[in-house]
Amino acid sequence: MKKVLVFVLFQVLSLQYFFAQWKPAEWPVLKSYDSERLSRIALPLGGIGTGVVSLGGRGELRDWEIMNKPAIGYNTTARGNDAPFFSIWVQESGKRPVTKALIGPVYDWEYDQGEGKPVNHHGLPRFEKATFDAAYPFGQVNLSDSRIPVKVRIKGFNPLIPGNADDSGIPIAILSYEVENTGTLPIEVSVCGSMRNFVGQDGSKYITGWNGEIVPYGVKYNKNEFRKNDVARGIFMYSDSVSKTSAARGTIALTTNAVDGVTYRTSSSRNTWSNAILDFWDDFSRDGMLTEKEKPAADPDPMASLAVRRTIAPQCKETISFFITWNFPNRLGWVSWEDPNHNKTIIGNYYSQQYHDAWEVIEKTIPRLNYLEKKTIDFVRALKISTIPEVVKEAALFNLNVLRSQTTFRIPSGHFMGWEGTFETTGSCSGTCTHVWNYEQATAFLFGELSRSMRDVEFNYATNEQGKMSFRAGLPLGEGNKQAAADGQMGCIMKFYRDWQLSGDNDFLRSQWPQVKKVLAYAWIGNGWDADQDGVMEGRQHNTMDVDYFGPNPQMGFWYLGALRAGEEMARFMKDRAFEKKCKTLYLKGSRWIDRNLFNGEYYEQIVTDPETFGFIDLEKYPEKSPNYQLYKGCLVDQLVGQYMAHICGLGYLASPGNIRTTLSSIMKYNYLSDFSDHFNNMRSYVLGKESGLLMASWPKGRLKVPFPYFSEAMTGFEYTAAIGMLYEGMTDDGIQCIRSIRDRYDGAKRNPFNEPECGYHYARSMASWAGILATSGFQYSGVTKSISFTSRPGVYFWSNGSAWGICEISDSKAKLQVLQGTLTLNSFELKGKCKIQMKNLVIREGENKEFTLI
C-alpha cells in the first residue's frame, strides 16, 4: 500500500512539475506594426468580465483597469518610474552587466513632457528598437538593441476560447519573455517584474501634489507576501486596511512557473526622493538576483519584485513566463457620469465566485495552460487560414477586445452585462443598451450562453406587464429607467430568434414565448409605434440616435419588419396560428408600404409626422413645421440595419431585393468620403483629415435645418453595418473598401487597433464587425432544424454557432466539415446555389470531421 501511495505521490508531483514547465508555443500573426505605428497600441489582457491591463506597443504595461472600473491612462502611481514594469539583466563573459527596462524607445512626442512625466519609466534605460505582432488575443513585442547580444520577444495573451465563457473569463495577464542570445558566447540573463501593491488605489481618488501633479491615493498599510508551491512562486499582494465594501478591495499576485533561479523582494527601500526604485535597480543590476529586505519598507504601497535567472547558450533561446492575476469581488452597480449619486450597491462579480483570491487563480490556471493556450491558438489559426479578406478578419478578431474590456462584466448570477463603452474613468451609458448591443454579433456566435443571458435580462427583468422593455436594464436586476426604444425593442425580438436558432434550445423559446409576444405586441398599443396596425411605425420612436423620430422611416421600419418576420417564424413553431397570421399580415403590408412610399428611387427616406397628431407634414411647403432632429430626405448609413440582421438570422429579404441593393449603392455613392479634409462636422470627430469612411448621413435632396445630432459624424459600428450589407449583396469591393477605411484609421500610430470608440472607448457596436465573417463565408446555422450552410466558393471557412466551432474546407468536388470545439448534430449540409445534402442526426464530435461528396 505504501508503494502505491509513493507511486501516486510521485506521479502527482511529476505532473505538477510538467505543468510548471509550460512554455508558450508559436503564435499566429495576423497583423504586424513597425516602429512608426506603436505609440497608440494597447492590447487588453484579461478575461471576459474581469477587467484588464493592456500590453503597449513597445512592451510597457498600461491602463490598469482591474478594480471594477475603467482606468484608461492609469498607471497605478503618479511617479512614472514607479509604474509596474519588467526589466532584464544581461552579462556577457568578461564584460560588465547591462540592465534595461523591457520597453522600446521613447516616442518623439514624449520628449516635451515636464520632468519626463507623464511618460512611464521615463528614467530607465530602454531597448533601441521595437515592433509589434498581433492576432488578438495574442500580442508580441519584438525588442532589439545593438549594444547587447540579445533579442527579446514579449508574448502576452489571455485565453479566448469560443463556446467556453469560463475559460475565456480568467482574471489573468500571461506574459512570457523569450530571450535569444545573438552572440557567440554563453550569457547570463535575468528577467524581473516589479510592481507596487496598489490594492485599494483604483485611480478614482486624486490629490494635487506640491508641483501640481495629480497623485492617486487610496492605499494604506498594504502587505506583500512571498509564496511558493509546486505550481508557482511569487508575490501575493493584499491589504487589511481597505474598506470591506470598497470596489478596490481585493488581491493581486505576480508569479512565475519557473522552478529554479527565482529570487524576490517583497519591498524596497522607503520611497523618499524616489529611493525605492534606486534601491531595486542597484540590487538587480549587481548580479541579476534580488535580495529580500530584512525589514519591510514603510511605504503604504510597497514595491515587490520577482526575478528569474538563466544561462543561455549562443544562438539559443530561453523563455521566462510571468503571470499577473487579480480578484476584486465588490463590483458596484452602474456608476457613471450619468449617476451623480454614484450607485454604491455592491453587485459583485461572477469570476470572484470561481476563485477565492488572486493566488487561487494562478493555482487553478497554470496546470491548464497547455490546454488553454492550444484551444486559443486553434481558434485564431482557424480564423487566420480562412479564405476571407484579411481586413475582414482583422476587424472581426481585433474588435473582440470589447468582450475583455471594462465595457463588459458578469454579475454573480452569470448574466452578461455591458456599458455602451467606457470613458477614461467611468462607464459610458449604462444598462446593456438594447439599441447599441443590437448591432454586435460576436457574443451570440462565439459565446451563446452569454448572449442568451442577455435575452433573459431584456425579456424578464427589463420588461413590464404591458410589454414595454426598458432599453437600459437596471442593477440590481429589475430596476431601470423604464423608457422604451423602438429599434432596441424590435431588435431584441430578432436577437431572441437568432439565439434560439443558434442554440436549438426549444425550451428557451417555449418558456419565453409569452414574453416575446408581449414585447412585439407592445408596438400595437394605442398611440404606440404602430397603433393602427398596418405594419408601419408612425408614432414617436426613440432610437439609437438619442432622439425621437416622428413618422415612417427606414431605420425603425426595417427593424420592425424583421421583428414581424421573426415573430411569424417563432409563432409557427409554437403552433400559435393566430399570432403567426397577424405577424405575417403586418409584415406583408409594411414591406409593400415601405417600398411604395419610402423608397425614392435611390434609397429609403423618412416621411415626417406631427409630434402631437402623428399626421403627415408637407415639408416641401411648410419646412418650418418639422420637429427637430429628424432624417427626412437624408440617406442614412444604417437605414438597412434590420435587413442586415435579417440576413444574419436567415429571414430573407424584408423588402424588394432590387431596392435593397440600389440603396446600398447609394450609401456608397453619397456617404463615402475618400478624404475628410473638407468635411464640416459640428459634433465628434472619429475621422480626420485625409482619412476615409462612411458618413452617418448625407442629403443629396436637401437637408433639414436641424437634423438628428450625429449626422455629420462617422462611427465604425454603423459603417460595418452598411459594409456588411454590401458584402451580403455581392458588392464585395465596396464592402471591403469601407472596412479597410476603418482599419486604416486604427493603424497603431493614430489610434489603438484594439479600441474603436463611439460614445466611449471599446464600444460595443464595433463588434458588428464579426458579421463580416458570416457574410463572406455564407455561414448559416440552425440548431432547430440542425442545418448548416456555406458559400459554394472553394476555400477554407471558419464557422461558430456560439457553442461549437471549426472550419469547412470546400473544393469543386467535396467539402470537409471539421469540429474543433464542441459537438455538432446535423440533418442537412448545404452549399448555397450548388447542393443540399440530407442526413439524419449526424453527430460530429470535437476533433472529428465529415467529408461530403458534392453532387
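Residues numbered from 1 in each chain as written. Predicted model: local features only at pLDDT ≥ 70, side-chain atom pairs only at ≥ 80, totals over all residues. Heavy atoms only, no water.

In terms of helices and strands, the protein carries 19 helices and 37 strands. Since a compact globule built from 855 residues should have a radius of gyration of about 29 Å, the 28 Å found for the protein is in line with a globular shape. Each principal axis of the C-alpha atoms in the protein carries an extent, and together these give about 85 × 65 × 50 Å. Within the span of the protein, comprising 855 residues, buried residues form 63% of the whole. Here the contacts in the protein between residues at least 6 apart in sequence split such that 68% fall between residues at least 24 apart. Element-wise, carbon and sulfur atoms account for 51% of the exposed surface of the protein, whose accessible area totals about 31,100 Å². (Helix = DSSP H or I, 4+ residues; strand = E, 2+ residues; numbered from the N terminus. Rg over C-alpha atoms; globule rule 2.2 N^0.38 Å. Buried < 20%, exposed > 50% of the residue type's maximum accessible area, 1.4 Å probe, protein only. Contact = heavy atoms within 4.5 Å. Areas by Shrake-Rupley, 256 points an atom, 1.4 Å probe, with all protein chains shown as cover.)

A separate point is the packing of aromatic side chains. By convention here, two paired aromatic rings are described through the distance between centres and the angle between planes. Per the stated rule, a full pass over the model turns up 42 aromatic pairs. Taken together, a centroid distance of 5.3 Å and an interplanar angle of 70 degrees make the contact between Phe 459 and Phe 496 edge-to-face. Of this pair, Phe 459 sits in helix 10 (residues 448–461) while Phe 496 sits in helix 11 (residues 486–503); the two residues are 37 residues apart in sequence, bridging distant segments of the chain. Comparing Phe 459 with Phe 496, the two get one shared label, buried. One cation-aromatic arrangement involves Arg 751 over Tyr 746; the distance from NZ or CZ to the ring centre is 5.6 Å. (Phe/Tyr/Trp six-rings, centres within 6.5 Å; stacked < 30°, edge-to-face > 60°. Lys NZ or Arg CZ within 6 Å of the ring centre and 35° of its normal.)

What follows is about the side chain of Asp 499. Structurally, the position occupied by Asp 499 is in helix 11. For Asp 499, a relative accessible area of 2% corresponds to the buried category. Of the polar contacts made by the side chain of Asp 499, one reaches the side chain of Ser 451; its length is 2.7 Å. In contact with Asp 499, other than residues within four places in its own chain, are Ala 444, Ser 451, Arg 452, Arg 455 and Phe 508. (Polar contact = N/O pair within 3.5 Å; in protein donor to acceptor, adjacent residues only side chain to side chain.)

Attention now moves to the pairing of strand 15 (residues 233–239). Strand 15 sits mainly inside the fold: six of its seven residues count as buried. Two strands pair when backbone bridges link them, and strand 14 (residues 222–228) and strand 15 are joined in this way by seven bridges, in the antiparallel orientation. Bridge pairing in strand 15 links Phe 226 to Ile 235. In sequence, strand 14 turns back onto strand 15 through a hairpin of four residues. Sheet analysis places strand 15 next to strand 16 (residues 251–256), joined by five bridges and oriented antiparallel. The residue bridging Met 237 from the neighbouring strand is Ile 252, located in strand 16. (Pairing = 2+ DSSP bridges.)

With that settled, consider the sheet that holds strand 32 (residues 795–800). Taken together, the four strands give an open sheet; going across it, the order is 32-33-34-37, and neighbouring strands pair in antiparallel fashion. Edge positions in the sheet fall to strand 32 and strand 37 (849–853), since each of these pairs with one other strand and no more. Strand-to-strand twist of the sheet, defined as the mean angle between neighbouring strand axes without regard to direction, takes the value 20 degrees. As defined by bridge partners, strand 33 (residues 805–810) adjoins strand 34 (residues 814–821) across six bridges and the pair is classed as antiparallel. (Axes fitted to C-alpha atoms, helices over the stretch in contact; angles between N-to-C directions.)

Glancing now at the side chain of Ser 698. With respect to the helices, strands and loops of the structure, Ser 698 is situated in strand 29 (residues 697–698). Residue classification places Ser 698 among the buried residues on the basis of a relative accessible area of 9%. Side-chain polar atoms of Ser 698 contact the side chain of Asn 671, separated by 2.7 Å.

Helix 15 (residues 641–649) packs onto helix 13 (residues 554–573) with a crossing angle of 25 degrees between their chain directions and a minimal axis gap of 7 Å. Considered as vectors, helix 13 and helix 15 are oriented roughly parallel to each other. Note on element contacts: helix 15 touches helix 13 through Val 641, Gly 642, Gln 643 and Met 645, opposite Gln 555, Phe 558 and Trp 559. Of the residues assigned to the contact of helix 13 with helix 15, the class counts are four nonpolar, three polar and no charged. (Parallel < 35°, antiparallel > 145°, perpendicular 65-115°, else oblique. Nonpolar A, V, L, I, M, F, W, Y, C, P; charged D, E, K, R; others polar.)

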